[in-house]
Amino acid sequence: MTDKKNGISRRNFLKGLGVASGAMLLPAREVAAAAGKSDEELCTLLDLSKCIACGECVSACREVNEPKFPKPKKPYPEMYPTSRVKVEDWSDRQEVDDRLTPYNWLYIQSTEVEYQGETHEVNIPRRCLHCRNAPCANLCPWGAAGKQKNGIVRINDDVCLGGAKCRTVCPWHIPQRQTGVGLYLRLMPNLAGNGVMYKCDRCYNRIDEGKLPACIEACPENVQTIGPRSEILKKAHELAEKNNWFIYGEEENGGTNTVYLSPVPFELLNKAVEKGPGKPGLSPVEDSMADEEKLAYAVGIAPFAGIAAGVIKAGKFLASAAGGKDND
Amino acid sequence: MTSPLFARLFKWTIFIMALTGAAQMPIFKRYYIADIPGLGWLADFYLTNKIHYIFGAVLMFMALYLLIMFILAGKKYFRLSSSGLLRVVLYGAVIGTGALRVIKNLHSVTFDPFTVMLIDWTHLGFAMLLGVAAMYAFFRGRKPYLEKGVGMRL
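Residues numbered from 1 in each chain as written. Chains lettered and ligands numbered in written order. Predicted model: local features only at pLDDT ≥ 70, side-chain atom pairs only at ≥ 80, totals over all residues. Heavy atoms only, no water.

Turning to the interface of chain A and chain B, a few remarks are in order. Across the contact, 59 residues belong to chain A and 42 residues belong to chain B. Area buried by chain A at its contact with chain B is led by Arg84, Pro141 and Val299 of chain A, which between them contribute 14% of it. Connecting chain A to chain B are two salt bridges. Between Lys50 of chain B and Asp291 of chain A there is a salt bridge whose closest N-O contact spans 3.0 Å. At the junction of chain A and chain B, the tally comes to 21 residue pairs in polar contact (both at pLDDT 80 or more). (Contact = heavy atoms within 4.5 Å. Buried area = accessible area lost by both parts, 1.4 Å probe. Salt bridge = Lys/Arg side-chain N within 4 Å of Asp/Glu carboxyl O. Polar contact = N/O pair within 3.5 Å; in protein donor to acceptor, adjacent residues only side chain to side chain.)

All names here are of chain A. The buried fraction of strand 8 (residues 224-228) amounts to five of the five residues, a majority that puts the element mostly inside the structure. Pairing geometry for strand 1 (residues 42-47) and strand 8, over five bridges, is antiparallel. Paired with Leu46 across the bridge in strand 8 is Gln224. (Buried < 20%, exposed > 50% of the residue type's maximum accessible area, 1.4 Å probe, protein only. Helix = DSSP H or I, 4+ residues; strand = E, 2+ residues; numbered from the N terminus. Pairing = 2+ DSSP bridges.)

Once that is clear, we can look at the packing of helix 1 (residues 4-22) of chain B against helix 2 (residues 45-72) of chain B. Each packed pair of helices is defined by two parameters, the angle between the axes and the distance between the axes. Residue and element names in this part refer to chain B. Between helix 1 and helix 2, the shortest axis-to-axis distance is 9 Å and the interhelical angle comes to 145°. Helix-helix and strand crossings are classified by hand; for helix 1 and helix 2 the assignment is left-handed. Here Phe6, Leu9, Phe10, Thr13, Ile14, Ile16, Met17, Thr20 and Gly21 of helix 1 come into contact with helix 2, specifically with Thr48, Ile51, His52, Phe55, Gly56, Val58, Leu59, Met62, Tyr65 and Leu66. (Axes fitted to C-alpha atoms, helices over the stretch in contact; angles between N-to-C directions. Left-handed = near helix turned anticlockwise from the far one by under 90°.)

With that settled, the discussion passes to the confidence of the model for chain B. Residues and elements named next belong to chain B. Considering every residue of chain B, the mean pLDDT works out to 90; 94% of them sit at 70 or more. Per-element confidence in chain B ranges from a low mean pLDDT of 72 for strand 2 (residues 146-148) to a high of 96 for helix 2. Interface scoring of the predicted complex returns ipTM 0.90; its pTM is 0.88. (pLDDT = per-residue confidence, 0-100.)

Where nonpolar side chains cluster on the molecular surface, the patch consists of Phe304, Ile307 and Val311 of chain A together with Leu67, Ile71 and Leu72 of chain B and spans about 520 Å² of accessible area. When contributions to the nonpolar patch are tallied by element, the ones reaching two or more residues are helix 11 (290-327) of chain A together with helix 2 of chain B. With respect to the element layout, Phe304 of chain A can be found in helix 11. (Patch = residues over 30% accessible without salt bridge, like charges linked within 9 Å, V, L, I, M, F, W, Y side chains within 5 Å. Areas by Shrake-Rupley, 256 points an atom, 1.4 Å probe, with all protein chains shown as cover.)

Turning next to the pattern of salt bridges. Between side chains of opposite charge, a pair can form as their charged atoms come close. According to the stated counting rule, one finds 13 salt bridges over all chains in the structure shown. Residues Arg167 of chain A and Glu88 of chain A are paired through a salt bridge, measuring 2.8 Å at the closest nitrogen-oxygen approach. With a gap of 79 residues between them, Arg167 of chain A in helix 6 (residues 165-169) and Glu88 of chain A in the loop between helix 4 (56-65) and strand 2 (107-115) connect regions that are remote in the sequence. Each member of the pair Arg167 of chain A and Glu88 of chain A is classed as buried. Ionic pairing is found between Arg101 of chain B and Asp120 of chain B, a salt bridge with its closest N-O pair at 3.3 Å. One end of the pair, Arg101 of chain B, is in helix 3 (residues 82-104); the other, Asp120 of chain B, is in helix 4 (residues 113-139), and 19 residues separate them in sequence. Residue classification places Arg101 of chain B among the buried residues on the basis of a relative accessible area of 15%.

Turning to the nonpolar core, a few remarks are in order. Core analysis: the largest hydrophobic core is formed by 61 residues, its most contacted members being Leu48, Ile124, Trp172, Tyr248, Tyr260, Phe266 and Leu269 of chain A. Examining the composition of this core, we find that four residues originate from one element, strand 2 of chain A, more than from any other. Formed by 23 residues, the second largest nonpolar core is a distinct cluster that contains Ala302 and Ala314 of chain A together with Ala57 and Ala133 of chain B. (Core = buried A, V, L, I, M, F, W, Y, C linked by side-chain atoms within 4.5 Å.)

It is worth spelling out the sheet that holds strand 1 of chain A at this point. Strand pairing within a sheet occurs via backbone hydrogen bonds; the two strands may be parallel or antiparallel. All names here are of chain A. If you walk across this open sheet you meet the four strands as 8-1-10-9, and the pairing is mixed. Across the chains shown, the open sheet's two edge strands, defined by having one partner strand only, are strand 8 and strand 9 (246-248). Neighbour-to-neighbour, the strand axes of the sheet open up by a mean angle of 25°, direction not taken into account. Pairing analysis gives three bridges linking strand 9 to strand 10 (residues 258-262), with the strands arranged antiparallel. Across the sheet, Phe246 pairs through a bridge with Ser262, a residue of strand 10. Here helix 9 (residues 229-243) sits on the sheet and contacts strand 1, strand 8, strand 9 and strand 10; the angle it forms with strand 8, its principal contact strand, is near 130°.

Turning next to the packing of aromatic side chains. How two aromatic rings sit relative to each other is set out by the distance from centre to centre and by the angle between their planes. Within this structure, the stated rule accounts for twelve aromatic pairs over all chains. Look at Phe61 of chain B and Tyr65 of chain B: their rings are 6.3 Å apart centre to centre, the planes differ by 10°, and that puts the pair in the stacked class. In this pair, Phe61 of chain B and Tyr65 of chain B both sit in helix 2, four residues apart, roughly one turn of the helix. Here Tyr65 of chain B falls in the buried class, since its relative accessible area comes to 12%. An aromatic cluster is defined as three or more aromatic residues linked by ring pairs; in this entry it consists of Phe69, Tyr103, Trp105 and Tyr198 of chain A. (Phe/Tyr/Trp six-rings, centres within 6.5 Å; stacked < 30°, edge-to-face > 60°.)

Set out below in C-alpha cells:
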C-alpha cells in the first residue's frame, strides 16, 4: 500500500482503457479524464434508471475478487466471553447474494415505488460508497482501514483484527466480518479480535493496472461511470436537472465517491427497500466526522495557548524571584 | 512548579485520555464494562472520540505550558529525574502521534494507508509504554518528575 501502488498513472489507465473500451460500452470520456487528473479522487455515478438487475456486476465482482475472499480454517478458536463474542461464519454460505457478506461485496436491492402516479421498478447496486472522509478509516484504532489518495477506501486484510468497529461507525454498516481468518489468530485469538472485515475495495488492483472495476466493466447497461469527482458531479447534476431526477451521495456523510441518480426521490426508495444486517438503507446521512473537524481547531490552538500561558507564567515567576533577590 | 489544583487536573486529564483512548478499541462492550450502569457511553465510539479530542486539547495546553515553564524558569532550579525524562519523552511521542491522528482525520487531508497504520500503531504503542512507565514510577514510590539540581539555586 504505497503511494506508487495507489496512484493511477495516465499511461496505465490509458493502456487499460484501450483494452476495456473495445470490450464494452465504456464511458471513455470519464475514464480518460480520470487518467489526466489522477490527483483528483475517482468517483462512480450509478444511473438507477438503467439498472435491470441482471446481476452481471454481482457475478463479475465475485469472480474477480474471489482470490481476496476469506479462506478460514475450522475449528475456530474459542472467543471469550463466549456469551458476548459470536462467531460470524459465512464460509458455508458463500453463495448468498441478496445482501452484503464477506463473500459478496455487491448486491442489488430491487423495489417498486409509486411516484407521481407511476409505478417505478428501481434496482440499486449496493456496496461501499467510499466516503471522502470515511469514518471507518478515521476511527479504526489499528490502522487497518485507510483511504487511498485516489479515493478508494480499503481494509487491509493482513492487518485487520475483525473488531467490527468499522461496521459500527459506518452510517450504512457496510463491512462484513468473517471469523477464523487474519492476524488475530496469531495474537490473542481467545481474548481480542474476531476475524477480518470485508467490503468493496473498488477493484483497487485493477485500477492500479489501468483497468476498470469489474462491476463497471461487466455491466451490459452502462449503469456505472467512473471519473474525477468534479466531472461525475457535473454529469450527475446535468442529468438530474434535465430529467428531474434525484441525487444521493453528493452530501451524504460529508460526500461519498459513489453518486446515485434516481428517477424517484431517495426518501421513497429508503422506505421501500428491505433494510437490515448487510442491507443498507438510503436515508440522509449527516457528516459523521463534522464534530471532530470542529474540535480539531481546539486541538490546533491548544499548544499555542499553552506556550503563551507558559511564557506569561514564567515571566511572572522570574520577576518575582528577581524581586525577592533584590530584597535580600 | 505547579499548584496542587493544576496537578490534580493534569492527572484527571490523563485518566480521561487513557479511558477514552482505550475505548477506541472495541473492548468495553465485549467485556461487559459498558453494561455497567453509567458506563454505557464507553461503547459509543463517536462520543469517546470527541471526548478524547477535547481532553487532548486540554493535555496539549497543559503539556506545552509545563514545558515552557520548565525551559524558561524551572531549569535554573530543577532537573528532570531519569524516570521523569522517560515519561516526558513518551508524553511527547503520544501527543505528537495523537496530533497526527487529528490531522489525518481532517476532511482535506489524506495520508496513504501505510502512513495511517504507522501513526495508529505508534500512537497506541507509545501510549502503552507511557502507561507502563507511569505504573512503574507509581509502584516504585511515586518517582517525581523533577529533582533539585545539585548546586542549583532555589
